[in-house]
Amino acid sequence: MPIKKELLDILVCPACHGDIHYDEAKNTLNCVKCRRRYPVKDDIPVMLVEEATVAEEG
Amino acid sequence: MPVTGGKGVVELSQRGQYALGGIGRQYWDFRDNATLGYITGRRILDAGCGEGITLGRLVERFPDKKIMGVDVDPKNISICKHHGLPVLNAHLQALPLMDEAFDSIILMEVIEHLETPRKILKELFRVLAPGGRLIIVFPNDMGMMMARLVCLRWREAFFDPCHLRQWGFRTLSKLLYECGFSVAHTRSIPLFIPFMLHGIIVAERKKVS
(Lines give C-alpha, C1' and ligand atoms only; values in the text may rest on other atoms or scores of the structure.)
Protein backbone atom coordinates (compact mmCIF):
# COMPACT_ATOMS: atom_id res chain seq x y z
CA MET A 1 0.00 0.00 0.00
CA PRO A 2 1.53 3.32 -0.97
CA ILE A 3 1.98 6.09 1.55
CA LYS A 4 -1.03 8.40 1.51
CA LYS A 5 -0.53 11.82 -0.03
CA GLU A 6 -2.09 13.57 2.96
CA LEU A 7 0.57 11.96 5.16
CA LEU A 8 3.37 12.85 2.74
CA ASP A 9 2.15 16.45 2.77
CA ILE A 10 2.97 16.84 6.47
CA LEU A 11 6.08 14.61 6.71
CA VAL A 12 9.50 16.20 7.02
CA CYS A 13 12.91 14.74 7.76
CA PRO A 14 13.30 14.47 11.54
CA ALA A 15 17.01 15.26 11.21
CA CYS A 16 16.99 18.39 8.99
CA HIS A 17 13.26 19.18 8.39
CA GLY A 18 13.82 18.75 4.65
CA ASP A 19 10.97 17.66 2.37
CA ILE A 20 10.24 13.96 2.07
CA HIS A 21 9.78 12.12 -1.21
CA TYR A 22 8.33 8.61 -1.36
CA ASP A 23 10.34 6.14 -3.45
CA GLU A 24 7.71 3.59 -4.33
CA ALA A 25 10.15 1.12 -5.95
CA LYS A 26 12.41 0.93 -2.91
CA ASN A 27 9.59 1.61 -0.45
CA THR A 28 11.59 4.26 1.36
CA LEU A 29 10.89 7.84 2.38
CA ASN A 30 13.75 9.97 1.19
CA CYS A 31 14.82 13.38 2.39
CA VAL A 32 15.51 15.62 -0.58
CA LYS A 33 17.85 17.79 1.49
CA CYS A 34 20.14 15.55 3.59
CA ARG A 35 19.49 12.41 1.48
CA ARG A 36 18.58 10.22 4.42
CA ARG A 37 16.33 7.30 3.54
CA TYR A 38 13.73 6.16 6.03
CA PRO A 39 12.31 2.65 5.77
CA VAL A 40 8.63 1.79 5.60
CA LYS A 41 8.02 -1.36 7.61
CA ASP A 42 4.70 -3.12 7.35
CA ASP A 43 3.20 0.04 5.75
CA ILE A 44 4.32 2.18 8.72
CA PRO A 45 6.93 4.90 8.15
CA VAL A 46 9.90 4.46 10.48
CA MET A 47 11.00 8.07 10.83
CA LEU A 48 13.82 7.47 13.30
CA VAL A 49 17.15 9.10 12.50
CA GLU A 50 19.04 6.04 13.77
CA GLU A 51 17.11 3.76 11.41
CA ALA A 52 17.89 5.90 8.34
CA THR A 53 20.48 5.11 5.71
CA VAL A 54 22.19 7.83 3.72
CA ALA A 55 22.07 7.67 -0.07
CA GLU A 56 25.46 7.68 -1.79
CA GLU A 57 26.39 10.68 -3.91
CA GLY A 58 25.78 10.65 -7.64
CA MET B 1 2.57 4.83 28.36
CA PRO B 2 5.29 2.43 27.37
CA VAL B 3 4.63 -1.18 28.22
CA THR B 4 8.08 -1.72 29.67
CA GLY B 5 8.33 -1.76 33.45
CA GLY B 6 11.16 -1.29 35.92
CA LYS B 7 13.83 -3.69 37.11
CA GLY B 8 12.88 -7.35 37.02
CA VAL B 9 9.22 -6.58 36.47
CA VAL B 10 7.04 -8.50 34.07
CA GLU B 11 5.55 -6.20 31.47
CA LEU B 12 2.00 -5.01 31.91
CA SER B 13 0.16 -4.59 28.65
CA GLN B 14 -2.15 -1.57 28.38
CA ARG B 15 -4.71 -3.47 26.36
CA GLY B 16 -4.43 -6.37 28.81
CA GLN B 17 -5.09 -3.97 31.69
CA TYR B 18 -7.99 -2.40 29.86
CA ALA B 19 -9.48 -5.82 29.08
CA LEU B 20 -9.57 -6.60 32.80
CA GLY B 21 -12.58 -4.29 32.95
CA GLY B 22 -14.13 -3.26 36.25
CA ILE B 23 -13.63 0.07 37.92
CA GLY B 24 -10.15 0.43 36.36
CA ARG B 25 -11.64 0.43 32.91
CA GLN B 26 -14.46 2.74 33.94
CA TYR B 27 -11.93 5.20 35.27
CA TRP B 28 -9.83 4.83 32.09
CA ASP B 29 -12.91 5.74 30.01
CA PHE B 30 -13.70 8.64 32.31
CA ARG B 31 -10.12 9.96 32.03
CA ASP B 32 -10.20 9.72 28.22
CA ASN B 33 -13.60 11.42 28.00
CA ALA B 34 -12.43 14.24 30.26
CA THR B 35 -9.35 14.68 28.05
CA LEU B 36 -11.10 14.47 24.68
CA GLY B 37 -13.46 17.24 25.73
CA TYR B 38 -10.61 19.76 25.40
CA ILE B 39 -9.86 18.93 21.77
CA THR B 40 -10.09 21.74 19.27
CA GLY B 41 -9.67 21.87 15.49
CA ARG B 42 -9.44 19.18 12.81
CA ARG B 43 -5.87 17.90 12.98
CA ILE B 44 -5.07 15.86 16.07
CA LEU B 45 -1.81 14.25 17.17
CA ASP B 46 -1.62 11.60 19.91
CA ALA B 47 2.02 12.01 20.97
CA GLY B 48 3.30 8.83 22.58
CA CYS B 49 0.18 6.86 21.68
CA GLY B 50 1.34 3.60 23.29
CA GLU B 51 -0.84 0.65 22.40
CA GLY B 52 -3.43 3.00 20.93
CA ILE B 53 -6.42 2.70 23.25
CA THR B 54 -6.94 6.47 23.36
CA LEU B 55 -5.93 6.78 19.71
CA GLY B 56 -8.62 4.24 18.78
CA ARG B 57 -11.14 6.24 20.75
CA LEU B 58 -10.12 9.42 18.90
CA VAL B 59 -10.57 7.75 15.52
CA GLU B 60 -13.96 6.39 16.55
CA ARG B 61 -15.20 9.60 18.18
CA PHE B 62 -13.99 11.99 15.47
CA PRO B 63 -14.36 10.27 12.08
CA ASP B 64 -14.19 13.64 10.28
CA LYS B 65 -10.92 14.78 11.85
CA LYS B 66 -7.39 13.98 10.72
CA ILE B 67 -5.82 11.89 13.45
CA MET B 68 -2.27 10.62 13.82
CA GLY B 69 -0.49 8.69 16.53
CA VAL B 70 3.27 8.72 17.10
CA ASP B 71 5.29 6.36 19.25
CA VAL B 72 8.96 5.48 19.53
CA ASP B 73 8.45 1.84 20.56
CA PRO B 74 8.12 -0.53 17.57
CA LYS B 75 6.12 -2.98 19.72
CA ASN B 76 3.49 -0.29 20.38
CA ILE B 77 3.49 0.60 16.69
CA SER B 78 2.78 -2.97 15.62
CA ILE B 79 -0.08 -3.23 18.15
CA CYS B 80 -1.59 -0.01 16.77
CA LYS B 81 -1.09 -1.25 13.23
CA HIS B 82 -2.82 -4.52 14.15
CA HIS B 83 -5.83 -2.46 15.24
CA GLY B 84 -5.78 -0.48 12.00
CA LEU B 85 -4.76 2.82 13.61
CA PRO B 86 -2.89 5.63 11.80
CA VAL B 87 0.60 5.68 13.31
CA LEU B 88 4.16 6.78 12.68
CA ASN B 89 7.24 5.36 14.33
CA ALA B 90 9.14 8.44 15.49
CA HIS B 91 10.80 10.04 18.48
CA LEU B 92 8.93 12.89 20.18
CA GLN B 93 12.19 14.78 20.41
CA ALA B 94 12.62 14.81 16.62
CA LEU B 95 9.17 14.65 15.07
CA PRO B 96 9.04 14.08 11.30
CA LEU B 97 6.20 16.56 11.04
CA MET B 98 5.85 20.00 9.51
CA ASP B 99 5.69 23.13 11.63
CA GLU B 100 2.17 24.01 12.81
CA ALA B 101 0.69 20.80 11.38
CA PHE B 102 -1.76 20.09 14.25
CA ASP B 103 -4.58 21.90 16.03
CA SER B 104 -4.61 19.65 19.10
CA ILE B 105 -1.91 17.45 20.59
CA ILE B 106 -2.59 14.91 23.33
CA LEU B 107 0.26 13.92 25.62
CA MET B 108 -1.44 11.23 27.68
CA GLU B 109 0.57 9.77 30.58
CA VAL B 110 3.81 10.35 28.72
CA ILE B 111 5.52 13.34 30.35
CA GLU B 112 6.40 11.42 33.53
CA HIS B 113 8.48 9.02 31.41
CA LEU B 114 10.49 11.64 29.55
CA GLU B 115 14.21 12.17 30.05
CA THR B 116 14.14 15.40 28.05
CA PRO B 117 10.71 16.97 28.73
CA ARG B 118 11.80 20.51 27.82
CA LYS B 119 13.14 19.48 24.43
CA ILE B 120 10.00 17.49 23.70
CA LEU B 121 7.60 20.27 24.76
CA LYS B 122 9.50 22.66 22.45
CA GLU B 123 9.16 20.14 19.63
CA LEU B 124 5.41 19.84 20.30
CA PHE B 125 5.18 23.65 20.29
CA ARG B 126 6.78 23.62 16.83
CA VAL B 127 4.22 21.23 15.33
CA LEU B 128 1.24 22.89 17.05
CA ALA B 129 -0.60 25.56 15.07
CA PRO B 130 -1.03 29.01 16.62
CA GLY B 131 -4.34 28.94 18.49
CA GLY B 132 -3.91 25.18 18.99
CA ARG B 133 -3.95 23.20 22.22
CA LEU B 134 -1.56 20.81 23.91
CA ILE B 135 -3.51 18.62 26.34
CA ILE B 136 -1.27 16.95 28.93
CA VAL B 137 -2.45 14.23 31.30
CA PHE B 138 -0.10 13.15 34.08
CA PRO B 139 -0.67 10.69 36.92
CA ASN B 140 -0.53 11.34 40.64
CA ASP B 141 1.58 8.31 41.56
CA MET B 142 0.68 8.23 45.24
CA GLY B 143 -3.04 8.60 44.49
CA MET B 144 -2.87 5.84 41.87
CA MET B 145 -1.12 3.48 44.27
CA MET B 146 -3.68 4.11 47.01
CA ALA B 147 -6.58 3.64 44.57
CA ARG B 148 -5.11 0.35 43.34
CA LEU B 149 -4.61 -0.90 46.88
CA VAL B 150 -8.21 -0.04 47.73
CA CYS B 151 -9.32 -1.96 44.60
CA LEU B 152 -7.05 -4.91 45.55
CA ARG B 153 -5.02 -4.50 42.37
CA TRP B 154 -1.77 -5.52 44.08
CA ARG B 155 0.25 -6.18 40.97
CA GLU B 156 -0.50 -2.78 39.48
CA ALA B 157 -0.10 -1.02 42.82
CA PHE B 158 3.52 -2.16 43.17
CA PHE B 159 4.38 -2.15 39.48
CA ASP B 160 7.30 0.15 38.72
CA PRO B 161 6.19 2.06 35.64
CA CYS B 162 9.51 3.91 35.25
CA HIS B 163 8.09 7.31 36.09
CA LEU B 164 11.09 9.62 36.21
CA ARG B 165 9.39 12.31 38.23
CA GLN B 166 6.15 13.37 39.84
CA TRP B 167 4.80 16.39 38.00
CA GLY B 168 2.41 18.87 39.56
CA PHE B 169 0.34 21.71 38.13
CA ARG B 170 2.87 24.30 39.26
CA THR B 171 6.03 22.57 38.02
CA LEU B 172 4.51 21.65 34.69
CA SER B 173 2.91 25.07 34.12
CA LYS B 174 6.31 26.70 34.71
CA LEU B 175 7.99 24.46 32.14
CA LEU B 176 5.16 25.08 29.66
CA TYR B 177 5.55 28.86 29.98
CA GLU B 178 9.28 28.50 29.43
CA CYS B 179 8.59 26.53 26.25
CA GLY B 180 6.30 29.26 24.87
CA PHE B 181 2.89 27.95 25.89
CA SER B 182 0.25 29.61 28.00
CA VAL B 183 -1.87 27.53 30.37
CA ALA B 184 -5.59 27.80 29.69
CA HIS B 185 -7.07 25.19 32.05
CA THR B 186 -6.02 22.81 34.80
CA ARG B 187 -8.20 20.04 36.17
CA SER B 188 -7.74 17.36 38.79
CA ILE B 189 -9.62 14.10 38.16
CA PRO B 190 -11.66 12.34 39.44
CA LEU B 191 -11.79 14.74 42.40
CA PHE B 192 -9.87 17.67 43.83
CA ILE B 193 -6.45 17.30 45.45
CA PRO B 194 -5.64 15.14 47.49
CA PHE B 195 -8.11 12.75 45.80
CA MET B 196 -6.43 13.33 42.48
CA LEU B 197 -5.46 10.40 40.27
CA HIS B 198 -4.55 12.47 37.22
CA GLY B 199 -3.92 16.08 36.42
CA ILE B 200 -4.99 17.56 33.10
CA ILE B 201 -3.31 20.71 31.81
CA VAL B 202 -4.56 22.41 28.69
CA ALA B 203 -1.80 24.59 27.24
CA GLU B 204 -2.20 26.89 24.25
CA ARG B 205 0.06 28.24 21.61
CA LYS B 206 -1.08 31.82 21.37
CA LYS B 207 -1.86 33.34 18.01
CA VAL B 208 0.60 36.04 17.07
CA SER B 209 -1.37 39.24 16.64
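A.B. asks: Give a detailed account of the overall build of chain B, specifying residues and quantitative values.
C.D. replies: When helices and strands are counted, chain B shows eight helices and seven strands. Across its three principal axes, chain B shows a C-alpha extent of roughly 55 × 40 × 30 Å. By residue count, 52% of the 209 residues in chain B fall in the buried class. For chain B, the proportion of contacts with a sequence separation of at least 24, taken over those separated by at least 6, is 69%. Carbon together with sulfur atoms contributes 59% to the accessible area of chain B, which is approximately 9900 Å² in total. Measuring between centres, the 27 positive side-chain charges of chain B sit 4 Å from its 21 negative side-chain charges.

A.B. asks: Lay out the packing of helix α5 (residues 117-127) of chain B against helix α8 (residues 169-178) of chain B in plain terms, naming residues and giving numbers.
C.D. replies: Residue and element names in this part refer to chain B. In the contact formed by α5 and α8, the axes pass within 9 Å of each other and the chain directions differ by 55°. When the axis of α5 is compared with that of α8, the two are oblique. Relative to α8, α5 is oriented so that their crossing is right-handed. Packed against α5, whose contacting residues are Pro117, Arg118 and Leu121, the element α8 presents Leu175, Leu176 and Glu178 at the interface.

A.B. asks: Break down the pairing of strand β2 (residues 66-71) of chain B for me, with residues and values.
C.D. replies: All names here are of chain B. With five of six residues buried, β2 lies mostly within the body of the structure. Here strand β1 (residues 43-47) pairs with β2 via five bridges, running parallel. Each residue of the ladder has a partner; that of Leu45, found in β2, is Met68. You can see the chain leave β1, run along helix α3 (residues 53-61) and come back into β2, and the turn it takes is right-handed. In the sheet, β2 pairs with strand β3 (residues 87-89) via three bridges, with the strands oriented parallel. In the strand pairing of β3, Val70 is matched with Leu88. This β-α-β element, β2 to helix α4 (residues 74-82) to β3, shows right-handed connectivity.

About the thresholds
- Residues numbered from 1 in each chain as written.
- Chains lettered and ligands numbered in written order.
- Predicted model: local features only at pLDDT ≥ 70, side-chain atom pairs only at ≥ 80, totals over all residues.
- Heavy atoms only, no water.
- Helix = DSSP H or I, 4+ residues; strand = E, 2+ residues; numbered from the N terminus.
- Buried < 20%, exposed > 50% of the residue type's maximum accessible area, 1.4 Å probe, protein only.
- Contact = heavy atoms within 4.5 Å.
- Areas by Shrake-Rupley, 256 points an atom, 1.4 Å probe, with all protein chains shown as cover.
- Lys, Arg positive; Asp, Glu negative; His and termini not counted.
- Charge placed at Lys NZ, Arg CZ, Asp CG, Glu CD.
- Axes fitted to C-alpha atoms, helices over the stretch in contact; angles between N-to-C directions.
- Parallel < 35°, antiparallel > 145°, perpendicular 65-115°, else oblique.
- Left-handed = near helix turned anticlockwise from the far one by under 90°.
- Pairing = 2+ DSSP bridges.
- Right-handed = clockwise from strand over helix to strand, strands pointing away.

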